[in-house]
Every structure is written in structure tokens, then in C-alpha cells.
Amino acid sequence: MNETVGMILCGGFGKRLRPITETVPKPLVELKEDYTILDKQIFDFKSAGVNKVILLTGFLGEKIEERYGNNYMDVEIIYVKEEKPLGTLNAIRMGMEKISPDTQCIIRNGDVVADLSIKKMIELGEKSPFKFTIFVTQMVSPYGIVDLSGDKIISFKEKPILDYYINGGIYLCKGRLDFKSYTAGDIEKTLFPELAKNKELGYYKENGLFWMAVDTSKELQQVQKEYENREDKPWGYEKVLIYTDKYLTKELFLKEGYQTSFHYHENKDETMYIVSGKGYIEFEDSKEFFSKNDTVRIEPKRPHSIVATENTVLHEVSTPHLQDTIRIKDFYDSKTPSGDR
């Protein structure tokens, strides 16, 4: 893998999120207490092995610098501030002037919360014949859909996934981008259509994962609801669904090619129900492979690691021991927002 630098567009006014964004830049809006959109984005870069990130700031950029300084979770932070807002194209050009011509970069919109595997996007993008790759995601209808047949309504579908893809706001560029004759404006409306017309744009997609562009108060409420009982991990996330004095149910999402720590539980007796994906449980002396609809029981005191060979969602139903994990081996840097599993 070539050296990859992260780049995050942080300079917008966030007008549709006012009054919050009158005093807080949009990337510093909190997903939950003391955990911002930008915290997650930098953490995602770190988990993908990207250890240098350029923040393209503008409006209230000093507040971003105050929070992150020159290093956050051992990720080097560099700032490029656009004094006069000229659109995303100019901000990206200014950022690219800070890297060598052959350095590739992952560029992210500063309001996108997404669970895609940046590591896999980089790996596949490097093999692509295209210099520039856009992450695309399936469009979710903002409205319920009515199915018609003849002169009657036959069913309702609540905000279904549509057979269309939208720009997911995350890009891979292999080396500096040729901006052609453009000097200002939004890159999505200027350069991208020209590159597409010339068949110079590739795409990367991952279906069935959480993605949200936080542009309005309604979208912010949706993403904050997602994070009510959720902890991001280097390998994905862990979310408490049910917690009573009798049992505990968690949802785990593991990105393809990632695994949890090698660990065991002193008291917790757990059963894994595989909702989607494929992988295996690695024990000290064996592996137990799983796929959709399988169940795997793990008894207390038995060391194991969960490994995903595809994006995997599983529900862990166990005895109610919420803090009962003894890690034997970590596969990722322990300096994370919530620790490893």
C-alpha cells in the first residue's frame, strides 16, 4: 500500500443546522456526549492505517484547532484554512498543495458519518485503472412508497432502499488531481461531471451499512439516535440493544478483514446469532466458521476472537455481564475513543 494521507472538508457554514452551527463548526457537532463527527472520521482514518490527516478549515476553524491541536490519537493533524470561501474545489486544491504530487489521499466531507471500510476502499482503489474513485451508497427514499396495481393501492413501504446510488462524500485520489480550468465552486458540480463525461471516474460501494450526511436537524437527530448506546471500535461498532437483570443483547458490526481482540469473559455465557455476513470464531485450538442465520455459543473463560471475512452483523445474547472482557491480545492501537474489545 502506498502512503495515504487523509483530508477532511471542515470549512462549511452549516446553515441548515443553525442555531447549533452559529457557534460550533458542523464537524464538531456531537454524535453523543464529547464524541463529534470529526472524532469518528479521524478515528476511522486511524483504524485504516492513515496516520496523517489534513483538515481543510474555514468558518470557526480556530475551534477545530483548539480541539485537535497537531496530534489526535497519534494521528498527525495539519491545517489548511481557506480565508475566503470559494467552494470545495479550491479547498481540496489547497490541501493537495501540502502533499507531494505522487501521494494518494482519501478526501471526506466533514458531515458524513459512515461505517464503510476505508482500508478496503484504498486497497481496491489502488488496483483500479481510475485515478479518482468515489464512494457511492444506495439511496434511501426520504418518503414512504405506495405500491399501485390497477385502480388500487396494494401496499406501503416505509422509506425503502431505492435502486439508485448517490455520491457518498468520500473519495480516493491517487496523486494530485488535475483541476483543469476550474478555480472555484463545488467540485461535485464542476470537475466531477467533466471527469464522468470523459470516463475518468471509478466508484467503490458497500451496501447495507450505516451512512448519514448530517445536514439538517432531522438528520442530526437520526444519527444521535443511532449513537445512543453505540461505541465505535477499530473493527466496526458495538451497540447495546437490551440490558436487563436477566440478559444482555448487543449488536456487533465487523468490517470485512477486521477482527475483535483475542479475549475471554470470566462470567458471561454468550450465543452469537449471525444476522448477515461471513467469518469465523478463532479459538486457541480451532476455528468455527459462520454465515448468515448460524448460531455460535461461547462459554465463559474460553479465549476467542471474532473474525469477519465479509461485512458482518451479529447479535450477541448473553448473561447480563456488561463489563466482563479480559483482553489477551489487541490487534489495533489501544488509544481509541472507546477501547478495543
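To start, this report covers the structure provided alongside it. Every chain is numbered independently, its residues counted from 1 as its sequence is written. Only residues with pLDDT of 70 or above have their local features reported here, since the model is predicted, and side-chain atom pairs are shown and tallied only from 80 upward, although totals for entire chains, interfaces and linings are computed over all residues. Heavy atoms from the whole structure form the basis of all side-chain values; hydrogens and water molecules are not counted.

### Comments concerning the overall build of the chain
Helix numbers and strand numbers start at the N terminus; a helix is a DSSP run of H or I with at least 4 residues, a strand a run of E with at least 2. Within the chain, the regular secondary structure consists of six helices and 25 strands. Relative to its length of 341 residues, the chain is compact, with a C-alpha radius of gyration of 21 Å against a globular reference of 20 Å. Buried, partly exposed and exposed residues are distinguished by accessible area as a fraction of the type maximum, computed with a 1.4 Å probe on protein chains only: under 20%, between the cut-offs, and over 50%, respectively. Out of the 341 residues belonging to the chain, those deemed buried represent 49%. Only heavy atoms enter the contact rule, under which two residues are in contact if any of them lie within 4.5 Å. Taking as baseline every contact in the chain between residues at least 6 positions apart, the subset at least 24 positions apart corresponds to 72%. When the 48 basic and 55 acidic side-chain charges of the chain are each reduced to a single mean position, those positions are 4 Å apart. Atoms counted for the radius of gyration: C-alpha only. Globule rule: 2.2 Å times residue count to the power 0.38. Under this rule, positive means Lys or Arg and negative means Asp or Glu; His and the chain ends count for nothing. For the purpose of locating charges, the reference atoms are NZ of Lys, CZ of Arg, CG of Asp and CD of Glu.

### Some thoughts on the nonpolar core
L38, L55, Y68 and V223 are the most contacted members of the largest nonpolar core, which has 58 residues in total. If you tally residues by element for this core, the top one is helix α1 (residues 37–47), at five residues. With near-sequence residues (within four places) excluded, V223 lies in contact with L31, V113, F210, M212 and V214. Formed by 24 residues, the second largest nonpolar core is a distinct cluster that contains L56, V80, A91 and L195. The nonpolar core is taken to be a set of buried Ala, Val, Leu, Ile, Met, Phe, Trp, Tyr and Cys residues, with the residues joined through side-chain atoms within 4.5 Å.

### Details of the pattern of salt bridges
Should their charged atoms come close, side chains of opposite charge can pair. Think of a salt bridge as a Lys or Arg side-chain nitrogen and an Asp or Glu carboxyl oxygen that are within 4 Å of each other. Taken as a whole and assessed by the stated rule, the structure comprises 25 salt bridges. Ionic pairing is found between R67 and D39, a salt bridge with its closest N-O pair at 2.7 Å. Here R67 is found in helix α2 (residues 61–68), whereas its partner D39 is found in helix α1, with 28 residues between them in sequence. By relative accessible area, which is 33% here, R67 ends up partly exposed. Of the residues examined, D39 reaches a relative accessible area of 1% and is grouped as buried. Residue R230 pairs with D115 through a salt bridge whose shortest N-O separation is 2.6 Å. Placement of the pair is R230 in strand β15 (residues 230–233) and D115 in the loop between β8 (112–114) and α4 (118–127), with a sequence separation of 115 residues. Taking the relative accessible area as the measure of exposure, D115 reaches 3% and is therefore buried. Taken together, the shared-partner salt bridges connect K40, D44, R108, D115, E226, R230, D232, K239 and E251 into one network.

### Digging into helix α6 (residues 217–226)
Within α6, the full set of buried residues consists of L220, V223 and E226. Burial along α6 is one-sided: seen end-on, the buried residues are contained in an arc of 120°. In α6, the exposed residues that point more than 90 degrees away from the buried face are K218, Q221 and K225. Looking at the packing, one finds that the buried side of α6 touches β2 (30–32), β8, β14 (211–213), β15 and β16 (236–243). In this description, one arc is meant: the one made by directions from the helix axis to the C-beta atoms.

### What to know about the side chain of Q104
With respect to the helices and strands, the residue Q104 is situated in strand β7 (residues 104–109). Residue Q104 is classed as buried on the basis of its relative accessible area of 3%. Two N or O atoms count as a polar contact when they lie within 3.5 Å, although within protein this holds only if one can serve as hydrogen donor and the other as acceptor, and sequence-adjacent residues are included solely when both atoms are side-chain atoms. A distance of 2.8 Å separates polar atoms of two side chains, one belonging to Q104 and the other to T4.

### Quick word on the pairing of strand β21 (residues 287–291)
Strands are labelled as partners when DSSP assigns at least two bridges between them. Both strand β20 (residues 278–283) and β21 contribute to a ladder of five bridges, which runs antiparallel. Residue pairing for β21: K278 is matched across the bridge by S291.

### Some thoughts on a nonpolar patch on the surface
Exposure above 30% relative accessible area and no salt bridge define the residues that can form patches, which grow by joining like charges within 9 Å and nonpolar side chains of Val, Leu, Ile, Met, Phe, Trp and Tyr within 5 Å. Accessible areas in this description were obtained via Shrake-Rupley with a 1.4 Å probe; residue shielding takes into account the shown protein chains only. Among the surface-exposed residues, V146, L148, I153 and F156 lie close enough to one another that they form a single nonpolar patch of about 450 Å² accessible area. Looking at the nonpolar patch, the elements with two or more residues in it are β10 (145–149) and β11 (152–157). Among the secondary structure elements, I153 is positioned in strand β11.

### A few points about unusual backbone geometry
If you check the backbone angles, D34 has positive phi at about 60° while not being a glycine. The exposure class of D34 is exposed, given its relative accessible area of 52%. Its identity as a non-glycine residue notwithstanding, L60 has a phi of 55°, on the positive side. Among the structural elements, L60 can be located in the loop between β4 (52–57) and α2. For L60, a relative accessible area of 14% translates into the label buried.

### A few points about the packing of α1 against α2
Fitted lines through C-alpha atoms serve as axes, helices being fitted only where they are in contact, and the angles separating the N-to-C directions of these axes extend from 0 to 180 degrees. Where α1 contacts α2, the axes come no closer than 12 Å and their chain directions differ by 55°. By the angle between their directions, the pair α1 and α2 is classed as oblique. For the pair α1 and α2, the crossing hand works out as right-handed. Contacts from L38, D39 and I42 in α1 reach I64, R67 and Y68 in α2. Polar here means any residue outside two lists: the nonpolar Ala, Val, Leu, Ile, Met, Phe, Trp, Tyr, Cys and Pro, and the charged Asp, Glu, Lys and Arg; Gly therefore counts as polar. The residue makeup of the contact of α1 with α2, split by class, is four nonpolar, no polar and two charged. Between 65 and 115 degrees an angle is taken as roughly perpendicular, under 35 as roughly parallel, over 145 as roughly antiparallel, and anywhere else as oblique. Note: crossing handedness is left-handed where the near helix turns anticlockwise from the far helix by less than a right angle, and right-handed where it turns clockwise.

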